Every structure is written in structure tokens, then in C-alpha cells.
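Survey of secondary and tertiary structure
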Amino acid sequence: QMQLVESGGGLVQPGGSLNLSCTGSGVTLSNYGVGWFRQPGLKGREFVAGISWGIGGTTGYADSVKGRSTISRDNAKNTVSLQINGLKSDDTAVYYCAARRTHWPGDSGRGYDIWGQGTQVTVSS
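Parameters at a glance
Residues numbered from 1 in each chain as written. Predicted model: local features only at pLDDT ≥ 70, side-chain atom pairs only at ≥ 80, totals over all residues. Heavy atoms only, no water. Helix = DSSP H or I, 4+ residues; strand = E, 2+ residues; numbered from the N terminus. Contact = heavy atoms within 4.5 Å. Core = buried A, V, L, I, M, F, W, Y, C linked by side-chain atoms within 4.5 Å. Buried < 20%, exposed > 50% of the residue type's maximum accessible area, 1.4 Å probe, protein only. Phe/Tyr/Trp six-rings, centres within 6.5 Å; stacked < 30°, edge-to-face > 60°. Lys NZ or Arg CZ within 6 Å of the ring centre and 35° of its normal. Pairing = 2+ DSSP bridges. Axes fitted to C-alpha atoms, helices over the stretch in contact; angles between N-to-C directions.

This part is about the side chain of S69. Position of S69 among the secondary structure elements: in strand β7 (residues 69-74). Apart from the residues within four sequence positions on either side, S69 is in contact with Y61, L82, Q83 and I84.

Glancing now at the nonpolar core. Grouped together as the largest cluster of nonpolar side chains are 31 residues, with contacts concentrated most on L4, W36, L82 and Y95. Going through the elements one at a time, β3 (18-25), β4 (33-39), β5 (46-51), β8 (79-84), β9 (93-100) and β11 (119-123) are the ones with two or more residues in this core. Broken down by element, this core gets its largest block of residues, 5 residues, from β9.

Turning to the packing of aromatic side chains, a few remarks are in order. A complete count under the given rule lists 4 aromatic pairs for this structure. With a centroid separation of 5.3 Å and 90° between ring planes, the pair formed by F37 and Y112 is classed as edge-to-face. Of this pair, F37 sits in strand β4 while Y112 sits in the loop between β9 and β10 (114-115), and the two are 75 residues apart along the sequence. Since its relative accessible area comes to 1%, F37 is described here as buried. According to the relative accessible area criterion, Y112 is buried, its value standing at 9%. Connected via pairs of aromatic rings, a cluster forms that spans F37, F47, Y112 and W115. The ring of F37 carries the charged tip of R45 above its face, separated from the ring centre by 5.8 Å. A cation over an aromatic ring shows up here: R101 above the ring of Y32, its NZ or CZ 5.3 Å from the ring centre.

To continue, consider the sheet that holds β8. Taken in spatial order, the 4 strands of this open sheet run β1-β3-β8-β7, and their pairing is antiparallel. Edge strands, defined here as strands with exactly one partner in the open sheet, are β1 (3-7) and β7. For this sheet, the mean inter-axis angle between neighbouring strands, taken without regard to orientation, is 15°. Relative to β3, β1 runs antiparallel, the two sharing 5 bridges. Bridging from a neighbouring strand, E6 pairs with C22 of β3.

Below you can see the structure in the form of C-alpha cells.
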């Protein structure tokens, strides 16, 4: 069974950093484009960052996190990580990773093959 498991969420103070991990089980993430999305409260899901498949993948970021976040792969660990610095209350959300069997996974959320269960990130003092 193919699964994605997110980890690294929790309570973080404003201005702090977090490092979320997405680990594949039964799926080789290096063969997939991977995206991170988030859903704040009752709002809709929004794209955060994405990385294409392969070594040294192309990356892309939402304007809301551009310049303060990094998405990266560790193929040996079958993991895609998302680091966000300078956290704000607006970053509070459930964060999901998703994988799509294509080079660039896209920022719409459509067409993804596998979704994780999500991890809660709360930014508060």
C-alpha cells in the first residue's frame, strides 16, 4: 500500500522555524513530483511548495513563503522536506504532502496520486 507520512508539525513561536518531513512507504518518491499544501482552519487548501522528480529537482514556492522556505529531497531516506523560517500566525494550518507521477507536480492540487494525512502546525506565542 502506498502511503505518505508527514512529521515535524507542532507549536512554534512567531519568528521560529520548522522542518516538515514527508516519508514514502510503498512508494519511491524520487519517481514522483512532490508538493506541499496547507489548509488553514476552514479555508481552502493552498499550495506551499513543490519539487520535481529526479536528482536536483526544480522547485517552486507560493508567494506567501517564497524567500523563507526550502523544499528538498533526500532520496536515500525516501523523504521530501519543507523548511519554513520566520513563521507567522498566518502559517498556522494543517500541512499535507502529496505525490504525483509526473515531472512537475503542479500547484493546483489536482491530479495528485497520493496524499498524506497531514500534520498540524500552530504558530503562536
